[in-house]
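A look at the structure
Here's the letter readout for the chains.
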Amino acid sequence: MTMRRTAVATATAALTLLAAWAGAPSATAATTAPAPKTANTPNTPNTPKTPKTEKAAGTCAVLAPGASAVAEKAVAAACEQTGVWYTWGGGHGPQPGPTYGQVDPSDPDSAHDPERLGFDCSGLVRYAYARAAGGDPLTGNAHHQFHSPRVQQRFTAAQATGPLLPGDLLAWGSGGSIHHIAIYLGAGKMVEARESGTRITVSDVRLDGDYAGAVRIAPPAAAPGTFSTWGTDVWTHREPSTTSPRVHKFPGPTTVRIECQKHAEPVTAEGYTNDAWSYLPEYGAWITNIYIKGAAWLDGVRTCP
């Protein structure tokens, strides 16, 4: 009886194993012809994977190599703000960061901007580079940032995106005036605060229309002859005289590079009188030294011929 039970058990086990083999693919078949995957099927070892350096379309991140550490940090800081509201005038408070906006009389879509905490285009650029470089290196509006003394290299509109690196600033404008600025990510993408009624987002670079070119921001070491203005709504002039044509207006404190200074028309403002004027090469304009932080006659700045 023991031998009979053993024989029966052995036969039963053999039949069970044969049935299992019949219903399973061979090891060779599984390797060479895997079953089709559904959307929820995880990657198998034989499924090609996207390299870690490539990012999906629409991803806000550094999308190309070669940028400086500061530029990459600026990209990261700007990307953290995707989804935040565009607000006209947002980001221009005493310190870099989101602020409530203002109504733009020329844009009905800005009606809710005073209720929204966010950035305009230059406010986002200011915040990103303040986070990356420390301090507040890119104050002012888009025009001031495009002509900042922190600019290390310029690229024309005709060069398109070919020479650009992540962190470079793209600008739009005409007639010498810049009205929009954004941060390049690489791969033809940029992050921008575009207009009222929208949120900070990743966009394709727009090279048509009034694209004016791009600039690369230098490392945070202060450039020789760099000073800060003070006051609000301060005008520069074509000549060192208040009666000469106005050129640009600084809405608030702005970092500027001074090429030289000279004695010219005396000016009385803010309780001070001074006849010293400084030449700003990025603006092709003069500003009274009353509105430059420092001594009445600036130390270390040469006299204009």
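Scope of this entry: the structure provided in the associated data block. (Residues numbered from 1 in each chain as written. Predicted model: local features only at pLDDT ≥ 70, side-chain atom pairs only at ≥ 80, totals over all residues. Heavy atoms only, no water.)

Further remarks concern the state of the cysteines. The final tally for this structure, using the stated rule, is two disulfides. Note that C60 is cross-linked by a disulfide to C79, the S-S spacing being 2.0 Å. Handedness of the C60-C79 disulfide follows from its S-S torsion of about -80°: it is left-handed. Here C60, found in the loop between helix 2 (27–32) and helix 3 (69–79), pairs with C79, found in helix 3; they are 19 residues apart in sequence, far enough to count as distant. When its relative accessible area of 11% is taken as the criterion, C79 is described as buried. (Disulfide = S-S within 2.5 Å. Helix = DSSP H or I, 4+ residues; strand = E, 2+ residues; numbered from the N terminus. Buried < 20%, exposed > 50% of the residue type's maximum accessible area, 1.4 Å probe, protein only.)

Looking now at the sheet that holds strand 8 (residues 201–204). In spatial order, the strands read 4-9-5-6-7-8; together these six strands make up an open sheet with antiparallel pairing. Because the sheet does not close on itself, it has two edges, and the strands there are strand 4 (151–155) and strand 8. Strand-to-strand twist in this sheet, taken as the mean axis angle between neighbours without regard to direction, amounts to 35°. Summarising the sheet, strand 5 (residues 169–174) and strand 9 (residues 211–217) pair through four bridges and their orientation is antiparallel. Bridged to W172 within strand 9 is Y211. Packed onto the sheet, helix 3 meets strand 6 (177–186) and strand 7 (189–192) and runs at close to 100° relative to strand 6. Where helix 4 (residues 121–133) meets the sheet, its contacts fall on strand 5, strand 6, strand 7 and strand 9, and the angle it forms with strand 6 comes to roughly 45°. (Pairing = 2+ DSSP bridges. Axes fitted to C-alpha atoms, helices over the stretch in contact; angles between N-to-C directions. Contact = heavy atoms within 4.5 Å.)

This brings us to the layout of surface pockets. One number sums up the size of the largest pocket: a volume of about 980 Å³. Around the largest pocket, the lining comprises 36 residues; the ones closest to its centre are H92, D120, S122, N141 and A142. (1 Å grid on protein atoms, 1.4 Å probe; cavity = no way out; pocket = protein on both sides within 12 Å on 5 of 7 lines; lining within 4 Å. Points joined across faces, edges and corners; volume = space filled by probe spheres on them.)

Moving on: the side chain of R126. Note on placement: R126 falls in helix 4. Each residue touching R126, except ones within four places of it in the same chain, is listed here: G91, H92, G93, P94, Q95, P96, D136, L138, T139 and Q145.

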